[in-house]
Amino acid sequence: MMKLVNDPCGIFCILFTYTSIIYADYVVIQWVVLHTMQDSLWAPFHIVLFNTFLLLLTVSHLRAMFSDPGTVPLSHTNVSLSDLRQVNEPLVKREDWTMCTRCEAYRPPRAHHCRICKRCIRRMDHHCPWINNCVGEKNQKYFVQFLFFVCIISAYTIMLVIMSWVRECRQCKMYDMDTRQTQVLHSVILIMESALFGMFVIAILYDQMDAIYNDQTTIEQTVYKRPNPLHRYLFSVICRWPKISRSTSKLNIRSV
């Protein structure tokens, strides 16, 4: 179990995420389902199903946030290049490992140093403030699950709001004008929130599935100059997708 990363941006994004989740649950139950379907059996069905998806989303988010993304263990003593010659491994394998001069970790191929977590991560994809953790070898599946459930809930929320607008509600005529205006205001805010989160997450989910299919992380796509679509540059600031270059922060064993 990983500790919470002390990153102000990440902590803010987590608080914002759960505030949005609680608000969406409140509006869907109070102002969409119970307000327009209170005499129908669809009301308990939608409440149970919506909260089931929310539970799955929360569990996947917490697992992505607190799971070890694949942190490379630190050496108990300072590692020098001369010490690496003594490693009892075949030369072919040894040549693929590198030395990180920032955390002084002897790391395997495809591992990269995260400046926020201050550790090297195996098969690091990027550091995401929305889970306040790196997306790496061990927690990428939880991150993908989180994105998938966000997409489902966003679409489900928009569908419920549209149904509440289209569906004839006999009880709604009994409410005063202030109550009707409050319902419309909450519904508009919720549908805007769902649309923005949905479009944003769909783009990230597409990139994650593309990276898994091509077996190439976001860092590797940047290093090897793979053509990047426009949305990746737009989201690079929001999701802190790294812009990595081949720097001197790592020393290859071949140079020994």
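Look up: the structure comes first, before these words.
Residues numbered from 1 in each chain as written. Predicted model: local features only at pLDDT ≥ 70, side-chain atom pairs only at ≥ 80, totals over all residues. Heavy atoms only, no water.

Draft legend 1. Highlighting unusual backbone geometry. A positive phi angle, close to 60°, is found at K118, a residue other than glycine. Within the element layout of this structure, K118 appears in the loop between β3 (112-114) and β4 (119-121). Classification of K118 as exposed rests on a relative accessible area of 62%. With a phi close to 55°, D215 is a non-glycine residue in the positive phi region. With respect to the helices and strands, D215 occurs in the loop between α6 (177-214) and α7 (218-223). The exposure class of D215 is partly exposed, given its relative accessible area of 41%. (Helix = DSSP H or I, 4+ residues; strand = E, 2+ residues; numbered from the N terminus. Buried < 20%, exposed > 50% of the residue type's maximum accessible area, 1.4 Å probe, protein only.)

Draft legend 2. Layout of the environment of D7. Note on placement: D7 falls in the segment before α1 (8-36). Once the C-alpha coordinates of D7 and I116 are considered, the two residues, 109 residues apart in sequence, prove to be 7.2 Å apart.

Draft legend 3. Seen up close, the nonpolar core. Formed by 39 residues in total, the largest nonpolar core has its most connected members in F50, L57, I131, F143 and L147. The set of elements that each furnish at least two residues to this core consists of α1, α2 (42-66), α5 (140-166) and α6. For this core, the leading source of residues is α5, giving 12 residues. Each residue touching I131, except ones within four places of it in the same chain, is listed here: I14, H61, A64, M65, N139 and F143. (Core = buried A, V, L, I, M, F, W, Y, C linked by side-chain atoms within 4.5 Å. Contact = heavy atoms within 4.5 Å.)

Draft legend 4. The arrangement of the side chain of N139 in detail. Its location among the elements puts N139 in the loop between β6 (133-135) and α5. Within the local environment of N139, its side chain forms a polar contact with the backbone nitrogen of G136, the two atoms lying 2.8 Å apart. Residue contacts for N139: discarding those within four places in its chain leaves A64, S67, D68, P69, I131, N133 and C134. (Polar contact = N/O pair within 3.5 Å; in protein donor to acceptor, adjacent residues only side chain to side chain.)

Draft legend 5. Structural context of the environment of M199. For M199, the position within the fold is in helix α6. M199 sits 45 residues away from S154 along the chain, and the two C-alpha atoms are 9.0 Å apart.

Draft legend 6. Looking closely at the packing of aromatic side chains. Taken as a whole and assessed by the stated rule, the structure comprises 10 aromatic pairs. Seen in terms of ring centroids, W42 and F45 are 5.4 Å apart; in terms of plane orientation they differ by 80°. Their pairing is edge-to-face. Highlighted residues: W42 and F45, both in helix α2, separated by three residues, approximately one helical turn. F45 sits in the partly exposed class, given a relative accessible area of 43%. (Phe/Tyr/Trp six-rings, centres within 6.5 Å; stacked < 30°, edge-to-face > 60°.)

Draft legend 7. Fine view of a nonpolar patch on the surface. Taken together, I162, W165, V166, V184, V188 and M192 make up a surface patch of nonpolar side chains, about 570 Å² in accessible area. Put simply, the parts of the chain that give the nonpolar patch at least two residues each are α5 and α6. For I162, the location among the structural elements is in helix α5. When its relative accessible area of 40% is taken as the criterion, I162 is described as partly exposed. (Patch = residues over 30% accessible without salt bridge, like charges linked within 9 Å, V, L, I, M, F, W, Y side chains within 5 Å. Areas by Shrake-Rupley, 256 points an atom, 1.4 Å probe, with all protein chains shown as cover. Salt bridge = Lys/Arg side-chain N within 4 Å of Asp/Glu carboxyl O.)

Draft legend 8. Quick peek at the side chain of H113. You can see H113 is positioned in strand β3. For H113, a relative accessible area of 17% puts it in the buried group. Those residues in contact with H113, other than ones at most four positions away along the chain, are C100, R102, C103, R107, K118, R119, C120 and M124.

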